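One letter stands for each residue in the lines below.
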Amino acid sequence: MIGSSPTEVGRFLEETEARLLELSIEAQQADWVYSTYINPDTEALSARTLARLIGVTVDLAKRSTRWNDAPITPVEARKLRLLRLSLPLIAPSDPSESTELTRLVATMEGKYARGRHVLRGSATELDLQELSHVLQESRDPARLTDAWTGWHSVGRSIRPDFERYVELANRGAREIGFPDMGAMWRSKYDMDPEAFSSEVERLWREVEPLYRSLHAYVRRRLVETYGPDHVDPRGPIPAHFLGNMWAQSWEGIFPILAPPEESLGFDLTRILVDRGTTPTDMVRYAESFFVSLGLDPLPPTFWERSMFVRPRDRDVVCHASAWDLDFADDLRIKMCIEITDEDFRVVHHELGHNYYQRAYAGQPYLFRDSAHDGFHEAVGDTIALSVTPEYLRKIGLLSTALPTGGDIPLLLYRALEKIAFLPFGLVVDRWRWEVFSGGITPAEYNDTWWAMRRTYQGIVPPAARDPEEFDPGAKFHVPANVPYMRYFLAAILQFQFHRALVRAMGSGEPLHRASIYGSKEAGEKLRAMLEMGQSREWPDALEAVTGERTMEARGLLEYFAPLQRWLDSENRKAPVGW
Ligand code: ASP
Ligand code: SER
Ligand code: ZN
């Protein structure tokens, strides 16, 4: 209906935003209760409210196509575009298929959350956190294999649900005009979905040499620890030796990878534990960083309603997440906080989401999201890059003098977290995109997963995997339907932000030593970007902080430049590649 008046579209959008806000709040409340108290009733309630939200969104998205060629304002056009993209899951309009799909997602997430394994020779069921400790601490190949394999069997039980979910989600995405769900996910970046894939590829090519150098160094050290019978000096690395259930970050085994003559000089986990730090204290540390930038303290309800600790008496989704229940000020995190260096960072990560949510709460409903999803994931991580030894000394966590030696141990530690992550961040959705497009069939699920892990990450499973297994299902975001490319983008963006904010403060320090703690200039720049939400295309938001309009790996490469040189010289002793 071309020529329909602007007032009409204005009215449509106003009603749309009010209706979606109401239904989203309801869906979030139900999902919160489900995630913090898993049982059949909360599962059904959360699935039903999500189905209702999706149903209304699909209906409104279809109605909105009448303005496709109408003369409407750019703001209206952007809102209409975002309406179709406002949810990461779209169901078919058939009500029974819609509830079936949202039930499947809730069921998969529940199965993942309830996963347990009993190690050989033990009588105790271990959950994911406990199995992860084994992977980090044990040096016994048989025990590591047991912990790894035990957890991965959770995937197998998820497989039938996942197959059906792919079918139904694709059907939903097609109803609102996307070729498949993966294409829908790739459409949320203010550019052609194909151009987006090339952007990702371009960024990966820039950081790939650094990854290969790190891989070669780590493999040589693992050969020293486990011997060539366990780790092929020229081949891919077996995933269970890398200290993390998905081999996505390797800092968990820093003790066996540290340069032999040098150490970090401190162990944040030890310090936190020795001081009797509580989970709430961990969150307070993170909050006070944001406050130092000029942002407001979190509201009292945050402290009353968040879940910081795993409850003893019921199943919950322990995977950390940040919530904004009313799209205004009812901010919360849900996390089973452990007193560790890793969780110290994760708490900063989660609060980054909360501060973003609060900053864009002033926007109209359809603009209450990050510039793109990589931005949402990058904010807290950017702050955590400023958790330097000097910062820890400033806030009284480190009392000793800082190690005066070189910076290599610290850079290596950071690289094991950030650089090791890059190809994993890429693989999860490279694989899912192909699954959604039909390029990978159910019979090929597991073999293709490992083929891609081998190609990009240079890792292999502890032993050949039965094609009937479903190892992608053992990674939270797959059963929980959370897109993953955002983490790859965030891993690049956070260094771009860090570099820009450090330079904005007028600091000429090397990037890995610089901290934006206490900088009101940095805080102002960040706030300007956060408040935009997704009211503008993401290059505008990026420009607000960095002055640049494209995502660039330059910040990351500059940060790690001293390590790259060191790795190049170390790698004269060992082959590179697999
Ligand atoms: N830290 C978790 C992860 O990134 C949860 C989150 O994104 O908030 O998966
Ligand atoms: N939080 C994300 C994950 O756990 C990215 O680090 O995979
Ligand atoms: Zn996150």
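Before any of the text, the structure's been laid out above.
So, a few notes on the structure that sits alongside this text. Every residue gets a number counted from 1 within its own chain, in the order that chain's sequence is written. In the order they appear in the text, chains get letters beginning with A and ligands get numbers beginning with 1. Predicted model: local features are reported for residues with pLDDT of at least 70 only, side-chain atom pairs are reported and counted for 80 or more only, and whole-chain, interface and lining totals are derived from all residues. Side-chain numbers come from the whole structure's heavy atoms, not from hydrogens or water.

1. Topic: the overall build of the protein
Now for step 1: When you go through the protein residue by residue, the secondary structure sums to 21 helices and six strands.
Now for step 2: Relative to the compact-globule value of 25 Å for 578 residues, the protein shows a C-alpha radius of gyration of 23 Å, a close match.
Now for step 3: By principal-axis analysis of the C-alpha atoms, the protein measures approximately 75 × 55 × 45 Å.
Now for step 4: Pairs at least 24 apart in sequence give 77% of the contacts found in the protein among residues at least 6 apart.
Now for step 5: Computed by Shrake-Rupley with a 1.4 Å probe, the accessible areas treat only the displayed protein chains as cover when residues are assessed. For the protein, the accessible area works out to roughly 22000 Å², and carbon and sulfur atoms hold 51% of it.
Now for step 6: Computed over 67 positive and 84 negative side-chain charges, the separation of the two mean positions in the protein equals 2 Å. Elements are defined by DSSP. Helices are runs of H or I of four residues or more, strands are runs of E of two residues or more, and each kind is numbered from the N terminus. Each radius of gyration reported is based on C-alpha atoms, and the globular scaling rule is 2.2 Å times the count of residues to the power 0.38. Whether two residues are in contact is decided by their heavy atoms, any of which lying within 4.5 Å being enough. For the purpose of charge, His is not counted, nor are the chain termini; Lys and Arg are scored as positive and Asp and Glu as negative. To locate a charge, take atom NZ for lysine, CZ for arginine, CG for aspartate or CD for glutamate.

2. Let's talk about the site of ligand 2
Now for step 1: By convention in these notes, a residue is near a molecule or strand provided one of its non-hydrogen atoms lies within 4 Å of it. Around ligand 2 lies a shell formed by Q248, H319, K475, H477, Y484 and Y487.
Now for step 2: For this analysis, a polar contact is any N or O atom pair within 3.5 Å, provided that within protein one partner can donate a hydrogen and the other can accept it, and provided that sequence-adjacent residues contribute only side-chain to side-chain pairs. Separating an oxygen atom of ligand 2 from a side-chain N or O atom of K475 is a distance of 2.8 Å.
Now for step 3: In the environment of ligand 2, an oxygen atom lies 2.4 Å from a nitrogen or oxygen atom belonging to the side chain of Y484.
Now for step 4: Across the complex, the protein chains shield 70% of the 230 Å² of accessible surface that ligand 2 would expose by itself.
Now for step 5: Residues are sorted three ways: Asp, Glu, Lys and Arg are charged, Ala, Val, Leu, Ile, Met, Phe, Trp, Tyr, Cys and Pro are nonpolar, and all the rest, Gly among them, are polar. Taken together, the residues of the shell around ligand 2 break down into two nonpolar, three polar and one charged.

3. Considerations on the site of ligand 1
Now for step 1: The local shell around ligand 1 consists of H319, A320, H349, E350, H353, E377, H477 and Y487.
Now for step 2: Note that an oxygen atom of ligand 1 is positioned 2.8 Å from one of the side-chain N or O atoms of E350.
Now for step 3: Within the side chain of H353, one N or O atom sits 3.3 Å away from an oxygen atom of ligand 1.
Now for step 4: Burial of ligand 1 by the protein amounts to 83% of the accessible area it has alone, namely 250 Å².

4. Looking at the packing of aromatic side chains
Aromatic ring pairs are described here by two measures, namely the spacing of the ring centres and the angle between the planes.
Now for step 1: Note on aromatic contacts: the rings of Phe and Tyr and the six-membered ring of Trp form a pair at centre separations within 6.5 Å, being stacked when their planes are under 30 degrees apart, edge-to-face when over 60 apart, and tilted otherwise. Here the structure, examined in full by the defined rule, presents 43 aromatic pairs.
Now for step 2: On the basis of an interplanar angle of 45 degrees and a centroid distance of 5.9 Å, the ring pair of W148 and W450 is categorised as tilted. One end of the pair, W148, is in helix 6 (residues 141-175); the other, W450, is in helix 17 (residues 445-457), with 302 residues separating them in the sequence.
Now for step 3: On the basis of relative accessible area, W148 is assigned to the buried category, the value being 0%.
Now for step 4: An aromatic cluster is defined as three or more aromatic residues linked by ring pairs; in this entry it consists of F162, Y165, W185, W431, F436, Y445, W449 and F470.
Now for step 5: For a lysine, the NZ atom is tested; for an arginine, the CZ atom; a charge sits over a ring if that atom is within 6 Å of the ring centre and within 35 degrees of the ring normal. Against the face of F367 rests K79, its NZ or CZ located 5.5 Å from the ring centre.
Now for step 6: In this structure, R314 is placed above the aromatic ring of Y37, and the distance from its NZ or CZ to the ring centre is 5.6 Å. Each residue gets one of three labels from its accessible area relative to the maximum for its type: buried under 20%, exposed over 50%, partly exposed in between, using a 1.4 Å probe on protein chains only.

5. Concerning a negative patch on the surface
Now for step 1: Residues enter patches when they are more than 30% accessible in relative terms and free of salt bridges; like-charged ones are connected within 9 Å and nonpolar ones (Val, Leu, Ile, Met, Phe, Trp, Tyr) within 5 Å. Salt bridges are defined by distance alone: a side-chain nitrogen of Lys or Arg within 4 Å of a carboxyl oxygen of Asp or Glu. A grouping of E444, D447, D466 and E468 is seen on the molecular surface, where their side chains present a negatively charged patch.
Now for step 2: Inspection of the secondary structure puts D447 in helix 17.

6. Quick look at helix 19 (residues 520-532)
Now for step 1: The terminal C-alpha atoms of helix 19 lie 18 Å apart, and with 13 residues this matches the ideal 18 Å at 1.5 Å per residue to within 8%.
Now for step 2: For helix 19, the complete set of buried residues consists of A522, G523, L526, M529, L530 and M532.
Now for step 3: Looking at the buried side of helix 19, the elements it contacts are helix 13 (341-359), helix 14 (373-385), helix 18 (485-504) and helix 20 (538-546). In this analysis, the expected span of each helix is defined as 1.5 Å times one less than the number of residues it contains.

7. Focus: the packing of helix 8 (residues 193-226) against helix 18
Now for step 1: One way to put it is that helix 8 packs onto helix 18 with a least axis distance of 11 Å and a crossing angle of 50 degrees. By the angle between their axes, helix 8 is oblique relative to helix 18. Of the two elements, helix 8 crosses helix 18, and the hand of that crossing is left-handed. Between helix 8 and helix 18, the residues in contact are F196, V200, L203, W204 and V207 and M485, F488, L489 and I492, respectively.
Now for step 2: For the contact of helix 8 with helix 18, the class distribution of residues is nine nonpolar, no polar and no charged. Lines are fitted to the C-alpha atoms to define the axes, a helix being fitted only along its stretch in contact, and any angle between axes, read from their N-to-C directions, falls within 0 to 180 degrees. Under this scheme an angle from 65 to 115 degrees is roughly perpendicular, one under 35 degrees roughly parallel, and one over 145 degrees roughly antiparallel; angles in between are oblique. Here a crossing is called left-handed whenever its near helix is offset anticlockwise from the far helix by less than a right angle, and right-handed whenever the offset is clockwise.

8. A word on the pattern of salt bridges
Now for step 1: Scanning the model with the defined rule gives 54 salt bridges in all.
Now for step 2: Between R202 and E552 there is a salt bridge, with its nearest N and O atoms 3.7 Å apart. With R202 in helix 8 and E552 in the loop between helix 20 and helix 21 (554-570), this pair connects stretches of sequence that are 350 residues apart.
Now for step 3: Judged by relative accessible area, which is 26%, R202 ranks as partly exposed.
Now for step 4: We note a salt bridge from D373 to R486, for which the minimum N-O separation is 3.3 Å. Note that D373 is positioned in helix 14 and R486 in helix 18, a separation of 113 residues in sequence.
Now for step 5: Under the relative-accessibility criterion, D373 is labelled buried at 19%.
Now for step 6: Through salt bridges with shared partners, one network takes in E251, D341, R345, D381, E417 and K418.

These values are about where atoms sit, not about what they do.
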